[in-house]
Amino acid sequence: EGYKRSLPPVLDAHVTTLLTAIILFYFGLGPVKGFATTQIIGILLSLFCGILVSRWITEWFTSKKKHLEYFTGVSKKVFKHAKFKFIEYRKYAYVVSMIVLALGIAAYFNGFDQGVEFKGGRSYKINFKKKVDVEQVRKDLRNTFDGESPIIKTIGDNSTLDITTSYMITNSGQGVDSVVLTRLMSGLKNHLPPGISYEKFDKEYKQESKTVLPSISDDLLNGAKKATVFAIIIIFLYIFIRFRDWRYSLGTVVALLHDVLVTLAVFSFARTVVPFPLEIDQHFIAALLTVIGFSMNDTVIVFDRIREDSRLMPNSPRGEIINRAINETLSRTVMTSLTVFLTILILFLVGGETTKGFAFAM
């Protein structure tokens, strides 16, 4: 009975996210297409595990006459009989939402720090002839390049690095290339032999260099815009067909935009405050898409319970039904969010600097 009742909301939550991922795969380029591919695989695996594997484990326990305890001492007190009056405080939530909306719009005018993918840059392949600490190299170069965080990729082991920087990329005068290379050498001095000359660094340690054009071109930006519009339309229509009420569709889209605006505001206003880069790059795109997926998943689960409770309590006030539905799904909402939060927190604390922006947004 439990699996039968939970199948529709699980399918709805996964299908809405899957449709978005397919649209992103079709319109996206580069990192966006890669993210969409991973997301499609993840959704299908999650659906397989949620519907089949977990049920098999449950039935295995049941056939062995072993009792599955779904509540702990803590969760019994907090969630099992939760009766929080969410609707009574809706006016306060409206104020918060209006502030979020205002900050999201203000973020557009406040601007963002653009990553190398948007601005373009210069790429250098450096062979250090020994293994180096990549994070320390990144920290040293960030100080040298006036706070601009370069993209660093290892080639083979940590003795050869591909370093891409957008430092002075807008300058087109003569000698700019040599100025940037001198800065690069200065930033790498702790990882090079003492007293090395510019000529020796250029000939022996710098294996190749090239100017990187912005990979997120007009085509990709136009693709992202089309993907966003199509995704919103498809989600609206799918929810309308499943719930037969346009208010559920509108609610899902508003919740989705609400969470996206929070992420935009964080990346715009916190970029000068936090001690790590918050740039519009492939990590930002990944964070935004992940937030959209999470937003839809949780919203659809709550809406599905509202629909179910509306049938069970046809004469009850609307506010009472919504309160009950949110309280009934509260344990699921908190548990899924908390497990992801703990994972992201670990990534934020011990992960590299390049993933800090993504983790912070999440």
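Residues numbered from 1 in each chain as written. Predicted model: local features only at pLDDT ≥ 70, side-chain atom pairs only at ≥ 80, totals over all residues. Heavy atoms only, no water.

## Quick look at the overall build of the protein
Then step 1. Within the protein, the regular secondary structure consists of 14 helices and six strands.
Then step 2. Taking the principal axes of its C-alpha atoms as reference, the protein extends roughly 85 × 50 × 35 Å.
Then step 3. Considering the protein as a whole, with its 362 residues, one finds that 39% of them fall into the buried category.
Then step 4. Restricting the contact set of the protein to residue pairs at least 6 apart, pairs at least 24 apart contribute 72%.
Then step 5. Of the roughly 21,200 Å² of accessible surface on the protein, a fraction of 64% belongs to carbon and sulfur atoms. (Helix = DSSP H or I, 4+ residues; strand = E, 2+ residues; numbered from the N terminus. Buried < 20%, exposed > 50% of the residue type's maximum accessible area, 1.4 Å probe, protein only. Contact = heavy atoms within 4.5 Å. Areas by Shrake-Rupley, 256 points an atom, 1.4 Å probe, with all protein chains shown as cover.)

## Quick notes on the packing of aromatic side chains
Then step 1. In the structure shown here, the tally under the stated rule is eight aromatic pairs.
Then step 2. Aromatic pair Trp60 and Phe61: ring centres 5.4 Å apart, planes at 90 degrees, arrangement edge-to-face.
Then step 3. Note on Trp60: relative accessible area 42%, which makes it partly exposed.
Then step 4. The exposure class of Phe61 is partly exposed, given its relative accessible area of 25%.
Then step 5. Ring pairs connect the aromatic residues Phe243, Tyr248 and Phe303, which therefore count as one cluster.
Then step 6. For Lys129, the ring lying beneath its charged end belongs to Tyr205, and the centroid distance is 4.6 Å.
Then step 7. Positioned above the aromatic ring of Phe243, the side-chain terminus of Arg307 is 4.2 Å from the ring centre. (Phe/Tyr/Trp six-rings, centres within 6.5 Å; stacked < 30°, edge-to-face > 60°. Lys NZ or Arg CZ within 6 Å of the ring centre and 35° of its normal.)

## Description of the side chain of Thr252
Then step 1. With respect to the element layout, Thr252 can be found in helix 10 (residues 246–269).
Then step 2. Those residues in contact with Thr252 that sit more than four places away from it in its chain are Ile235, Ile239, Met296, Thr299 and Phe303.

## Focus on the sheet that holds strand 5 (residues 206–212)
Then step 1. The antiparallel open sheet is built from four strands, whose spatial order is 3-4-2-5. Of all strands in the sheet, those bounded by a partner on one side alone are strand 3 (151–155) and strand 5. Averaged over neighbouring strand pairs, the angle between their axes works out to 20 degrees when direction is ignored.
Then step 2. Alignment of strand 2 (residues 121–127) against strand 5, held across six bridges, turns out to be antiparallel. Considered in strand 5, the bridge of Ser123 is made with Lys210.
Then step 3. Of the strands in this sheet, strand 3 and strand 4 (157–165) touch helix 6 (residues 134–144), which is tilted by about 150 degrees from strand 3. (Pairing = 2+ DSSP bridges. Axes fitted to C-alpha atoms, helices over the stretch in contact; angles between N-to-C directions.)

## Some words on unusual backbone geometry
Then step 1. Here Lys65, not a glycine, exhibits a phi torsion of approximately 60 degrees, which is positive.
Then step 2. With respect to the helices and strands, Lys65 occurs in the loop between helix 2 (31–63) and helix 3 (73–80).
Then step 3. One non-glycine residue with positive phi stands out, namely Lys129, at about 65 degrees.
Then step 4. Relative to the helices and strands, Lys129 resides in the loop between strand 2 and helix 6.

## Let's talk about the confidence of the model for the protein
Then step 1. Per-residue pLDDT for the protein has a mean of 82; in total, 93% of the residues score no lower than 70.
Then step 2. Within the protein, helix 4 (residues 90–110) carries the highest mean pLDDT (91), whereas helix 3 carries the lowest (69). (pLDDT = per-residue confidence, 0-100.)

## As for the packing of helix 7 (residues 176–187) against helix 8 (residues 198–205)
Then step 1. Here helix 7 crosses helix 8 at 90 degrees, and the two axes come no closer than 11 Å. Accordingly, the angle class assigned to the pair helix 7 and helix 8 is roughly perpendicular. In this structure, helix 7 uses Ser178, Leu181, Thr182, Leu184 and Met185 to contact helix 8, whose residues at the interface are Tyr198, Phe201 and Asp202.
Then step 2. Classifying every residue of the contact of helix 7 with helix 8 by side-chain character gives five nonpolar, two polar and one charged. (Parallel < 35°, antiparallel > 145°, perpendicular 65-115°, else oblique. Nonpolar A, V, L, I, M, F, W, Y, C, P; charged D, E, K, R; others polar.)

## What about the nonpolar core?
Then step 1. Grouped together as the largest cluster of nonpolar side chains are 41 residues, with contacts concentrated most on Leu24, Ile239, Tyr248, Leu256, Leu278, Leu289 and Ile306.
Then step 2. Mapped by element, the contributors of at least two residues to this core are helix 1 (2–27), helix 2, helix 9 (218–243), helix 10, helix 11 (282–312), helix 12 (318–328) and helix 14 (356–361).
Then step 3. No other element matches helix 11, which puts 13 residues into this core.
Then step 4. Ignoring any residue separated from it by four or fewer positions in sequence, one finds Ile239 in contact with Thr16, Arg244, Tyr248, Ser249, Thr252 and Val300.
Then step 5. Grouped together as the second largest cluster of nonpolar side chains are 22 residues, Tyr124, Val137, Ile163 and Val176 included. (Core = buried A, V, L, I, M, F, W, Y, C linked by side-chain atoms within 4.5 Å.)

## Describing helix 6
Along an α-helix, a turn takes 3.6 residues, which lines up residues three or four apart on a common side.
Then step 1. Burial in helix 6 covers these residues: Val134, Val137, Arg138, Asp140, Leu141, Arg142 and Thr144.
Then step 2. Structurally, helix 6 contributes buried residues whose contacts are with strand 3, strand 4 and helix 7.
Then step 3. With a side-chain oxygen lying 3.2 Å from the backbone nitrogen of Glu135, the N-terminal cap of helix 6 falls on Asp133.
Then step 4. With its phi angle positive at about 55 degrees, Asp146 sits one or two positions after the end of helix 6. (Polar contact = N/O pair within 3.5 Å; in protein donor to acceptor, adjacent residues only side chain to side chain.)

## With respect to a nonpolar patch on the surface
Then step 1. A contiguous nonpolar surface patch, about 760 Å² in accessible area, is contributed by Val229, Ile233, Leu237, Phe240, Ile241, Trp246, Leu250 and Val254.
Then step 2. Listed by contribution, the elements that provide at least two residues to the nonpolar patch are helix 9 and helix 10.
Then step 3. If one sorts the elements of the nonpolar patch by residue count, helix 9 sits on top with five residues.
Then step 4. One can find Val229 in helix 9. (Patch = residues over 30% accessible without salt bridge, like charges linked within 9 Å, V, L, I, M, F, W, Y side chains within 5 Å. Salt bridge = Lys/Arg side-chain N within 4 Å of Asp/Glu carboxyl O.)

## Re the pattern of salt bridges
Then step 1. A full pass over the atoms with the stated rule returns 16 salt bridges.
Then step 2. The residue Asp202 makes a salt bridge to Lys206 at a minimum N-O spacing of 2.8 Å.
Then step 3. When the shortest N-O distance is used, the salt bridge between Arg332 and Asp298 registers 2.5 Å. Note that Arg332 is positioned in helix 13 (residues 330–350) and Asp298 in helix 11, a separation of 34 residues in sequence.

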